[in-house]
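Okay, here's what each chain looks like letter by letter:
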Amino acid sequence: MKPDTVGLPDSLGGEVIRVTDTDGDRATWTFPADLNAVRAARRAVREQLRRWELDGVTDLAELLVSELVTNALRHATGPVGVCLSRPAGPDGVLLLEVSDPVPEPPRTRDVRLDDESGRGLQFLARSSRRWGHRTGPHGKTVWCELAVPR
């Protein structure tokens, strides 16, 4: 593990984040609670999946990390953590986790056609193999599993 606070290269827009680990089978980052975190998280996920040669799941993973980080920013004032866990084998799944300091679980809600928000968790449920959340002493983590194409 290589903990370090870095100003990321121009490819990630120069945002300052805490990179906990991007080697091995897990990659973790902590982003400040501001709107730039969504873009930075999306780019970090895209670049990590490219390094792992998992390009077939990149678009969906980027979209879901955008949804989850946006939800975290709407409800939390502290930093947002993002973690990817690489599949163990060719038929494995990619685990995507987003953490924030608010312990209340995410709630799906009924939305009307003209509602401008409220569909993120529904999309998450339809797009992933499984999803859920867990709470801990420092907040919650919302996770999902994505099938990795061969």
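Quick caveat, the model's predicted, so the values are computed rather than measured.

Q: Would you explain the overall build of the protein chain in this entry?
A: Within the protein chain, the regular secondary structure consists of three helices and seven strands. The secondary structure elements of the protein chain, listed N-terminal to C-terminal, are β-β-β-α-α-β-β-α-β-β. Going through the 150 residues of the protein chain one by one, you find that 42% of them count as buried. Within the protein chain, contacts between residues separated by at least 24 positions form 53% of all contacts whose residues are at least 6 apart in sequence. Surface accessibility of the protein chain: about 8600 Å² in total, with carbon and sulfur atoms responsible for 49%.

Q: Please clarify how the layout of surface pockets should be interpreted in this entry.
A: Once rolled over the atoms, a probe with the size of a water molecule shows which space is left empty. Roughly 340 Å³ of internal volume is contained in the second largest pocket. Taken together, 22 residues form the lining of the second largest pocket, with Gly 81, Ser 99, Asp 100, Lys 140 and Thr 141 sitting closest to its centre. Mapped by element, the contributors of at least two residues to the lining of the second largest pocket are β3 (26-31), β4 (80-85), β5 (93-100), β6 (130-136) and β7 (139-147). The residue makeup of the lining of the second largest pocket, split by class, is eight nonpolar, nine polar and five charged.

Q: What am I meant to see in the nonpolar core here?
A: Within soluble globular proteins, side chains that are nonpolar generally end up buried alongside one another. Within the largest apolar cluster, 32 residues are counted, with the highest numbers of intra-cluster contacts made by Leu 49, Val 69, Val 82 and Leu 94. Of all the secondary structure elements, the ones that give two or more residues to this core are β3, α1 (36-51), α2 (58-75), β4, β5, α3 (120-127) and β7.

Q: In this structure, what is going on with the packing of α2 against α3? I would like to understand it.
A: When two helices pack together, their arrangement is given by the angle between the helix axes and the distance between those axes. At a closest axis distance of 10 Å, the pairing of α2 and α3 adopts a crossing angle of 145 degrees. In this structure, α2 crosses over α3, and the sense of that crossing is left-handed. On the side of α2, the interface is formed by Leu 60, Leu 63, Leu 64, Glu 67, Leu 68 and Asn 71, while α3 contributes Gly 120, Leu 121, Phe 123, Leu 124 and Ser 127. When its residues are assigned to classes, the contact of α2 with α3 shows seven nonpolar, three polar and one charged.

Q: What exactly am I supposed to notice about the pattern of salt bridges here?
A: This structure, assessed with the given rule, holds five salt bridges. Between Arg 86 and Asp 25 there is a salt bridge whose closest N-O contact spans 3.2 Å. Residue Arg 86 is found in the loop between β4 and β5, and its partner Asp 25 is found in the loop between β2 (16-21) and β3; the two are separated by 61 residues along the sequence. Look at Arg 86 and you get partly exposed, because its relative accessible area is 30%. Residue classification places Asp 25 among the partly exposed residues on the basis of a relative accessible area of 48%.

Q: Looking at this structure, how should I read the environment of Arg 42?
A: Looking at the secondary structure, you find Arg 42 in helix α1. You can call Arg 42 partly exposed: its relative accessible area is 27%. With 25 residues separating them along the chain, Arg 42 and Glu 67 place their C-alpha atoms 10.0 Å apart. Among the polar contacts listed, one links the side chain of Arg 42 to the side chain of Ser 66, at a separation of 3.1 Å.

Q: I tried to follow the environment of Trp 52 on my own but got confused; where do I start?
A: Checked against the element boundaries, Trp 52 lands in the loop between α1 and α2. Of the residues examined, Trp 52 reaches a relative accessible area of 8% and is grouped as buried. In sequence terms Trp 52 and Asp 25 are 27 residues apart; their C-alpha atoms lie 8.8 Å from each other. The residues touching Trp 52, leaving out its near neighbours within four places in the chain, are Gly 24, Asp 25, Arg 26, Ala 27, Leu 84, Ser 85, Arg 86 and Leu 94.

Calculation rules
Residues numbered from 1 in each chain as written. Predicted model: local features only at pLDDT ≥ 70, side-chain atom pairs only at ≥ 80, totals over all residues. Heavy atoms only, no water. Helix = DSSP H or I, 4+ residues; strand = E, 2+ residues; numbered from the N terminus. Buried < 20%, exposed > 50% of the residue type's maximum accessible area, 1.4 Å probe, protein only. Contact = heavy atoms within 4.5 Å. Areas by Shrake-Rupley, 256 points an atom, 1.4 Å probe, with all protein chains shown as cover. 1 Å grid on protein atoms, 1.4 Å probe; cavity = no way out; pocket = protein on both sides within 12 Å on 5 of 7 lines; lining within 4 Å. Points joined across faces, edges and corners; volume = space filled by probe spheres on them. Nonpolar A, V, L, I, M, F, W, Y, C, P; charged D, E, K, R; others polar. Core = buried A, V, L, I, M, F, W, Y, C linked by side-chain atoms within 4.5 Å. Axes fitted to C-alpha atoms, helices over the stretch in contact; angles between N-to-C directions. Left-handed = near helix turned anticlockwise from the far one by under 90°. Salt bridge = Lys/Arg side-chain N within 4 Å of Asp/Glu carboxyl O. Polar contact = N/O pair within 3.5 Å; in protein donor to acceptor, adjacent residues only side chain to side chain.

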